[in-house]
Amino acid sequence: MMTATVRSLVRSLALRPHPEGGFYREAWRSHGRIPRNALPRGYGGARRFATSILFLLPAGSVSRWHRVRSDETWYYHLGGPLELVELARGGGWRRTVLGPFPARGHLFQHTVRGGTWFAARPRRGAAFTLAGCAVAPGFEFADFELGDARRLAAARPRHAARIRTFA
């Protein structure tokens, strides 16, 4: 839902639509590079040490299932709480809430290990969530994979209904 506040944030922060959902803008890309031969297998070339984006999810939208090759740390900035879910290795389901209320179990930051399928959405009642995401080694779209919720649900039948809610 694009409220006036969300439209204002998108405009003032110069955000644009992200392929997984929501809006984003790259905020920082380190100058230093890690050479390909110093990276683990699977990286197609050198990578920046780290990158960072601003990421906004309006109410009613989701960051669809995706994974990146590198570790990604999410930072809560503004708005309502964000529900971040991961399909853990070994078949488990992990839910983390980022938000402004530590006494309610909210975290200010959370890291998703590289190669993990994950998705996110603002919690019910939140008009939006603005987060930051830092990726190290740095993010490249070549390291990004959008998931197919039907395939992920078929592979994890115990969590199929929950997986489909993030499609």
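As the structure is a prediction and not an experimental result, all values here were calculated from the model.

What counts and how
- Residues numbered from 1 in each chain as written.
- Predicted model: local features only at pLDDT ≥ 70, side-chain atom pairs only at ≥ 80, totals over all residues.
- Heavy atoms only, no water.
- Pairing = 2+ DSSP bridges.
- Helix = DSSP H or I, 4+ residues; strand = E, 2+ residues; numbered from the N terminus.
- Axes fitted to C-alpha atoms, helices over the stretch in contact; angles between N-to-C directions.
- Contact = heavy atoms within 4.5 Å.
- Core = buried A, V, L, I, M, F, W, Y, C linked by side-chain atoms within 4.5 Å.
- Buried < 20%, exposed > 50% of the residue type's maximum accessible area, 1.4 Å probe, protein only.
- Phe/Tyr/Trp six-rings, centres within 6.5 Å; stacked < 30°, edge-to-face > 60°.
- Lys NZ or Arg CZ within 6 Å of the ring centre and 35° of its normal.
- Salt bridge = Lys/Arg side-chain N within 4 Å of Asp/Glu carboxyl O.

Visitor: How would you summarise the sheet that holds strand E11 (residues 117-122) if you had to cite specific residues and measurements?
Guide: Within the open sheet, the five strands sit side by side as E9-E8-E11-E6-E13. Their pairing is antiparallel. Each edge of the sheet is formed by a strand with only one pairing partner; in this case those strands are strand E9 (93-98) and strand E13 (144-146). The average undirected angle you get between the axes of adjacent strands in this sheet is 25°. Here strand E6 (residues 63-68) pairs with E11 via two bridges, running antiparallel. In the strand pairing of E11, histidine 66 is matched with phenylalanine 118.

Visitor: Help me get a handle on the sheet that holds strand E1 (residues 16-17), residues and values and all.
Guide: Here we have six strands laid out as an open sheet, ordered E1-E2-E5-E12-E7-E10, and antiparallel in their pairing. Bordering the open sheet on either side are E1 and strand E10 (109-112), each of which pairs with just one other strand. In terms of strand pairing, strand E7 (residues 71-79) meets E10 through four bridges, oriented antiparallel. In the strand pairing of E10, glutamate 72 is matched with valine 112. Contacts between helix H1 (residues 4-12) and the sheet are confined to strand E2 (23-29), strand E5 (51-58), E7 and strand E12 (128-136), with E5 contributing the most and set at about 160° to the helix.

Visitor: Give me the lowdown on the nonpolar core, citing residues and values where you can.
Guide: Counting residues in hydrophobic clusters, the biggest one holds 14 residues, and the most contacted among them are Phe55, Trp74, Leu82, Leu84 and Ala120. In terms of residue count, E5 provides more of this core than any other element does, three residues in total. Among the nonpolar cores identified, the runner-up in size contains 13 residues, and Val62, Trp65, Trp93 and Ala119 belong to it.

Visitor: Quick rundown of the packing of aromatic side chains? Include the residues and the values.
Guide: With the rule as written, the count across this model stands at eight aromatic pairs. Both rings, one in tryptophan 65 and one in phenylalanine 166, keep their centres 5.9 Å apart while their planes meet at 70°; by these two values the pair is edge-to-face. Residue tryptophan 65 is located in strand E6, and its partner phenylalanine 166 is located in the segment after helix H3 (160-164); the two are separated by 101 residues in the primary sequence. The buried category is assigned to phenylalanine 166, whose relative accessible area is 1%. Members of the aromatic cluster, each reached through a chain of ring pairs, are Phe55, Trp74 and Phe118. The lysine or arginine in question, arginine 69, covers the ring of tyrosine 43, its NZ or CZ lying 5.6 Å from the ring centre. The ring of phenylalanine 101 has arginine 104 sitting right over it, with the charged end atom 4.1 Å from the ring centre.

Visitor: Summarise the pattern of salt bridges; cite the residues concerned and give the values.
Guide: Here the structure, examined in full by the defined rule, presents eight salt bridges. With its nearest N and O atoms 4.0 Å apart, the salt bridge here joins arginine 94 to glutamate 86. In this structure arginine 94 comes out as partly exposed when scored by relative accessible area, which is 44%. You can call glutamate 86 buried: its relative accessible area is 5%. Connected via shared salt-bridge partners are Glu26, Arg29 and Glu140.

Visitor: With reference to specific residues and values, describe the pairing of E12.
Guide: Within E12, seven of the nine residues are buried, leaving the element largely enclosed by the surrounding structure. Across eight bridges, E5 lies against E12 in antiparallel orientation. Note that in E12 the partner of proline 58 across the bridge is phenylalanine 128. Here eight bridges tie E7 to E12, and the two strands are oriented antiparallel to one another. Bridge assignment links tyrosine 76 to a residue of E12, and that residue is alanine 131.

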